[in-house]
Amino acid sequence: MPESARKIRVSCVVNGSAASFEAYPMARLLDVLREELKLTGTKEGCGEGECGACSIEMDGALVNSCLVPALQAEGATIRTIEGLAIGDTLHAVQRAFITHGGAQCGICTPGMILAALNLLARHPQPDDAQIREGLSGNLCRCTGYMKIFESVVAAVRQAETPA
Amino acid sequence: METRVIGKSVPRKEGREKVTGRARYVDDLSFPGMLHGVTVRSPAARGRIRAIHFEGEIPWHEFTVVTAKDIPGKNCIALLIDDQPCLAAEFVNHPEEAIVLLAHDDKYLLEEARRAVRIAIEPLPAIFSIEDSLARKEIIWGQDNIFKSFYVEKGDVDRAWSGAEFVVEGTYETGAQEQLYIEPQGMIAQVNEAEGVTVWGSLQCPHYVHKALMMLFGLPRERIRVVQTETGGGFGGKEEYPSMIAAHAALLARKSGRPVKIIYDRAEDMVATTKRHPSRTRHATALTRDGKLLAMDIDFTVDGGAYETLSPVVLSRGTIHAAGPYACPNVRIRSRAVATNAPPHGAFRGFGAPQSVFALERHLDRVAEVVGIAPEELRRRNFIREGQTLAVGQVVKEKVDMNDLMERAFELSGYHAKRKRFTETNSDSDAHGGIKRGIGFASFLHGAGFTGSGEEYLASEVAMEGMADGTVHILAGSTEMGQGTNTIFAQIAAEALRLDCEQIRIVQPDTAYVPNSGPTVASRTAMIVGKLVETAAAGLLKTLQDSGLLRNGYGAADFSRACCLYVAKNGALKSFVKYEHPHDLHWDDQKYSGDAYGAYAWAVYVAEVSVDTRTAEVRVNDFVAVQEVGKVINPVLAAGQIEGGVAQGIGFALYENVVWQEGRMLNAQMTNYVMPTSVDLPTIRVYFEEIPYGRGPAGAKGIGELPLDGTAPAIANAIVHATGVDVRRIPITAETLLEMLEAVHA
Amino acid sequence: MRAYLPAYEMETPRDLAAALDRMASAPGVWRAFAGGTDLMVLLEAGKLPHKRFLNIWNLGELRGIFVSAEHVTLGALTTYAEVQRHEILAREFPLLCRAAAATGSVATQNRGTLGGNVANASPAADSPPALIVYDAEIEIVAADGARWVPYDSFHSGYKKMNLQAGELIRAIRLARTHAAWRQYFRKVGTRRAQAISKICFAAAARLEAGRIADVRIALGSVAPTVLRAVQVEELLRGQRLGSVDCSGPQDALSAEIAPIDDMRSTARYRRNVARNLLAEFVETLAR
């Protein structure tokens, strides 16, 4: 078998902590997160950048981790679903997804929540069109999206009322 | 009757795990020494396997290789019959049929190896359409390519034609639809002397897999164990297929002596696993001068693919639903499931009914046009009422008023005003940027539970256990896959025991521990199994009360204490319930008539669309779903089911087109097999009416499949209203619609 | 994931000069890898025959959007997200912003680059028609120098382009001459978001004294490369608004394009919709 690549060592920050792993340079960041760093919250749904189940935040931007080669994670700041809750305290978006039915089978949920967070970072008070647009790269087969929108709206409302 | 937790939107039981990424799906699991497995599949649609060549620069000695020869028991995936091989031995009958299995610990090398296996197949003539199958262009299955046929007769159809003022005929077709659960199929298997065969995976029916593995391995019940992992969507796609992938993983595990994980990528999942049966329905309908149904002659055919699998049952449901919620004195339904050389088609939410209901509801709008009355008027004159009989002879015992449902749906959707307004504005669509608008509806019903004697045959069981710490465990083979099984079971038990849902645990479906509650399909989980949960809870409560350890007006702490004491004294506190078929439900399998289902959900759906005549793009602008479903156990979960089902129905009608090439799905990527995104769907507005059903838990009926029946025909009828084209087939692709628009324009 | 990873190499050059030297040192061996939104899909499908890549994602020389009095010059690594955020682009080059918003999804727009899109040369890409309309020029660099190529002669055939081994796209330059033109963009995809185009239509017209003084029309997904409909432009130039004869230009369009049947759509659909979109474009000019 023609084998010219050697595994490389990559250092980055994942969920606020320094992380380091070995991988082939073009290994998918998705696989690295799941297999090397044991962060299995990020999911594979399609392997072609179409479903968004693998969405993570990389250097502040929402990206499909199935489309990022490991080498390009060098020096990056990455946030996955595991980095949202603080101890046992869920993020408002996570809470809303539970109370408002945003999660059914849950496989799209990590990516969807990351996408929702990214949307709210860009549009803290999104209107209906902006919510739909912001989540349009994340496919959900269970909900028809209705309760996902409601969950986002609920999270925004919760952010408006001081705790 | 006032309820404590039933009827409340109790948060999803496993919600926290799902929103934190801690829920463990099969691909999240890893075992020490685990190998990866892949499947080498047939390149041909039909033929004789001549040779298997292991080529390339692959270190084959490192690989575990499994073929049909390695199967210890019977080479079949047991289901209704045993015609489907686990691994093709001499003949292949569809593209992508599994032939060789490989395992290795390097999953990248494994993929190279898969590519390096060359299967030499001497092709045989294959058939790919219902027409060719019925014409017996080739006999590819049995004596006549027919897996199953049904004949339903009510009254005397042939005599009715002479008295008819109107006779309307039509042929309608539906295409294949891919379930497209976002989590692809996967299994992990382990085989050892100590425990036998154990599989963990994404599945809906652990006991189906269990039964299949027993036959494949020739092992007794206690040597096979099936565990459901968190399942990322099923919709029927994980009803029967998981038995195949479990078998494959287990065979590799047996031969290698190591745990083996097989995870399909999206392309393999799409191209190799089941899809909704394509269908063709022919209607001939006779009516009186007043637009009352006199006779319905229905011919219904589904394409089952290469092996029987569940086609007889899909055909059954489609057949029984083919004549809809209408009173018609004379009905004949002739139906059949036929074989073609495609991967077997299988269960997908609705299970035959979306196919036959599409045909009926499209047809009735056309019938109304011929009779010269509005489509809703035709329905009004013919809706079935309590005391009348459905096509299969079942007397309706429910108090539902379909006219009321229809009027409510019309009011909520603004149907009448829009019907009128759109007709006016459509005449000058150029003034509206080429956009034509339409509004249409479908009226339908969906039976919950297994058909006829099915539930009796399933003889489902549920167990419940009161633990020393006061929690109550529910042991059932019913699975959670997003629809809310865990939560509603907890609610039902909590209600019966007067506890909070937090005190109820749902034991992970594991055939070593839970009884067979039947498959998680057929809109039966709430109504049938939920009732068993309710009964088991009542039984548990009675045991405690009879023991004197629990007094009236007890609180949660009292209950806990009582459990603790009872267990300490007696060793265990258990209750066990088995399904009992209601004495007043009778079904005749020979005549295919009688009480098909214990209860039905009834619905009217209204779709509003806009059609861009320049591009033939269709947009659903508004959707109203009104249904009577018995008691709603959890409003958020129930609405979620309808919303998600409508979304799948919109996909079925407009977006989801399987492109076939000689039995193989050509567009097996999410880029090219398209489901709606968040910007493609309208606000889906869901309304429930509740007439409690005496035999359901707290009065609940089943709703899981209902939305798939009425969504597509409502949209099709709306498109007809908008454009005047005569839709006969779904999916309605823009390409076809543009041609039809041009023809209408000309 | 169907690629044999040990066969794939990727290096990160320290700067553009180093990247170009590496490419020159072994012609055809090293290829540029930017955001990966096209190449990774091929990799995962097991359909990426090329095995050695240079990670150019961090090369500052290829980033940035520079505005002068006459031009807007976008670094090759400008992402679709960056295009949409830029005020001058939004104001003066709306077709490019519309194309960027219509490409993929939020996540892919954060990683997909204009340079990558041009070099990938998919006939179904949405930005190329906008680039054609804006008379874009492509700056190409190699170890031994740089050159500018007008974009509308950059592609010579399906996946064939004026880019040699050892060359990289450095920038895309747009002349700020279209701001006052009437602009039209329409993508017809398989759905409203995250869709591959069945047909993409970008056009702009300069109106003067009630006539179409000048016009640019470009389409995607109707030919092996992005197509500039020069015959159609010819027929529209000089026509008086309100009495534009569309049928001649529509027939010319039918003849100029070469749509095919594929998994997503049919030649007939593409051809008829192209005609309809042309009429729709002309209709918007009259308003």
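All values reported here derive from a predicted model rather than from experimental measurement. (Residues numbered from 1 in each chain as written. Chains lettered and ligands numbered in written order. Predicted model: local features only at pLDDT ≥ 70, side-chain atom pairs only at ≥ 80, totals over all residues. Heavy atoms only, no water.)

**With respect to the interface of chain C and chain A**
So, point 1. The interface is formed by 33 residues belonging to chain C together with 33 residues belonging to chain A.
So, point 2. Summed over both partners, the interface of chain C with chain A buries about 2,700 Å², with 60% contributed by carbon and sulfur atoms.
So, point 3. The partner of glutamate 50 of chain A in a salt bridge is arginine 191 of chain C, and the shortest N-O contact between them spans 3.0 Å.
So, point 4. Summed over the shared surface of chain C and chain A, the result is 7 residue pairs in polar contact (both at pLDDT 80 or more).
So, point 5. Within the residue set of the side of chain C that touches chain A, elements represented by two or more residues are β1 (9-11), α2 (39-44), β3 (52-55) and α6 (106-109) of chain C.
So, point 6. The leading source of residues in the side of chain C that touches chain A is α2 of chain C, at 4 residues.
So, point 7. Residue composition of the side of chain C that touches chain A, grouped by class: 18 nonpolar, 9 polar and 6 charged. (Contact = heavy atoms within 4.5 Å. Buried area = accessible area lost by both parts, 1.4 Å probe. Salt bridge = Lys/Arg side-chain N within 4 Å of Asp/Glu carboxyl O. Polar contact = N/O pair within 3.5 Å; in protein donor to acceptor, adjacent residues only side chain to side chain. Helix = DSSP H or I, 4+ residues; strand = E, 2+ residues; numbered from the N terminus. Nonpolar A, V, L, I, M, F, W, Y, C, P; charged D, E, K, R; others polar.)

**Topic: the domain arrangement of chain A**
Residues and elements named next belong to chain A.
So, point 1. Structurally, chain A comprises domain 1 (8-83) and domain 2 (92-160).
So, point 2. With centres defined by C-alpha atoms, the gap from domain 1 to domain 2 works out at 21 Å.
So, point 3. Contacts between the two partners involve 15 residues from domain 1, matched on the other side by 12 residues from domain 2.
So, point 4. It is Cys51, Leu62 and Ile81 that lose the most area in domain 1 upon contact with domain 2, and together they represent 43% of the buried surface on that side.
So, point 5. Across the contact surface, domain 1 and domain 2 share 0 salt bridges.
So, point 6. Here domain 1 and domain 2 share 3 residue pairs in polar contact (both at pLDDT 80 or more) between them.
So, point 7. Listed by contribution, the elements that provide at least two residues to the side of domain 1 that touches domain 2 are β3 (55-58) and β4 (61-64).
So, point 8. Looking at the side of domain 1 that touches domain 2, the element that brings in the most residues is β3, giving 3 residues.
So, point 9. Of the residues assigned to the side of domain 1 that touches domain 2, the class counts are 6 nonpolar, 5 polar and 4 charged. (Domains from an automatic or database assignment.)

**Looking at the nonpolar core**
So, point 1. The biggest cluster of nonpolar side chains holds 137 residues, and the ones touching the most others in it are Ile217 and Phe281 of chain C.
So, point 2. In terms of residue count, helix α17 (residues 635-655) of chain B provides more of this core than any other element does, 10 residues in total.
So, point 3. Met26, Leu37 and Val68 of chain A together with Ala116 of chain B belong to the second largest nonpolar core, which has 60 residues in total. (Core = buried A, V, L, I, M, F, W, Y, C linked by side-chain atoms within 4.5 Å. Buried < 20%, exposed > 50% of the residue type's maximum accessible area, 1.4 Å probe, protein only.)

**Considering the interface of chain B and chain A**
So, point 1. Taken together, the contact pairs 57 residues of chain B with 45 residues of chain A.
So, point 2. Of the roughly 4,100 Å² buried where chain B meets chain A, counting both sides, 56% is carbon and sulfur surface.
So, point 3. Counting the surface chain B buries against chain A, the share from its top three residues, Val19, Ile182 and Ser678 of chain B, is 17%.
So, point 4. Seen at the junction of chain B and chain A, the total is 6 salt bridges.
So, point 5. In this structure, aspartate 28 of chain B engages lysine 43 of chain A in a salt bridge whose closest nitrogen and oxygen atoms are separated by 2.6 Å.
So, point 6. Our count for the contact surface shared by chain B and chain A stands at 29 residue pairs in polar contact (both at pLDDT 80 or more).
So, point 7. Only α1 (15-20), α2 (107-115), α17 and β27 (683-689) of chain B provide two or more residues apiece to the side of chain B that touches chain A.
So, point 8. The element that contributes the greatest number of residues to the side of chain B that touches chain A is α17 of chain B, accounting for 8 residues.

**Considerations on the pairing of strand β11 (residues 182-189) of chain C**
Residue and element names in this part refer to chain C.
So, point 1. Among the 8 residues of β11, 6 are classified as buried, and the element is accordingly described as predominantly covered.
So, point 2. With 8 bridges connecting them, β11 and strand β12 (residues 197-208) associate as antiparallel partners. Across the sheet, glycine 189 pairs through a bridge with serine 197, a residue of β12. (Pairing = 2+ DSSP bridges.)

**Regarding the pattern of salt bridges**
So, point 1. For the structure shown, the criterion picks out 94 salt bridges over all chains.
So, point 2. With a shortest N-O distance of 4.0 Å, arginine 159 of chain B and aspartate 156 of chain B are connected by a salt bridge.
So, point 3. The salt bridge involving aspartate 588 of chain B is made with lysine 591 of chain B; its shortest N-O contact spans 3.6 Å.
So, point 4. For lysine 591 of chain B, a relative accessible area of 57% puts it in the exposed group.
So, point 5. The structure contains a network of salt bridges with shared partners spanning Asp430, Asp612, Arg614 and Glu617 of chain B together with Arg186, Glu280, Glu283 and Arg287 of chain C.

**What about the sheet that holds β1 of chain C?**
All names here are of chain C.
So, point 1. Taking strand neighbours across the sheet as the criterion, the 3 strands line up as β1-β3-β2 in an open arrangement whose pairing is parallel. Of all the strands in the sheet, the pair left with one neighbour each is β1 and β2 (31-33). Mean inter-strand twist for the sheet, computed between neighbouring axes without regard to direction, equals 35 degrees.
So, point 2. By the bridge criterion, 3 bridges tie β1 to β3 in an arrangement that is parallel. Residue pairing across strands places glutamate 11 opposite leucine 54, the latter belonging to β3. (Axes fitted to C-alpha atoms, helices over the stretch in contact; angles between N-to-C directions.)

**Some points on the environment of tyrosine 554 of chain B**
So, point 1. Tracing the sequence through the fold places tyrosine 554 of chain B in the loop between α15 (525-546) and α16 (556-570).
So, point 2. Sequence-distant contacts of tyrosine 554 of chain B, defined by excluding residues within four places in its chain, comprise Leu497, Arg498, Leu541, Gln545 and Phe559 of chain B.

**Re unusual backbone geometry**
So, point 1. Of note, the bond from isoleucine 730 of chain B into proline 731 of chain B is cis; its omega dihedral lies within 30 degrees of zero at 5 degrees.
So, point 2. Within the fold, proline 731 of chain B resides in the loop between β28 (729-730) and α19 (734-745).
So, point 3. The phi torsion at lysine 38 of chain A lies on the positive side, around 60 degrees, for a residue other than glycine.
So, point 4. Examined against the element boundaries, lysine 38 of chain A turns out to sit in the loop between α1 (29-36) and β3.

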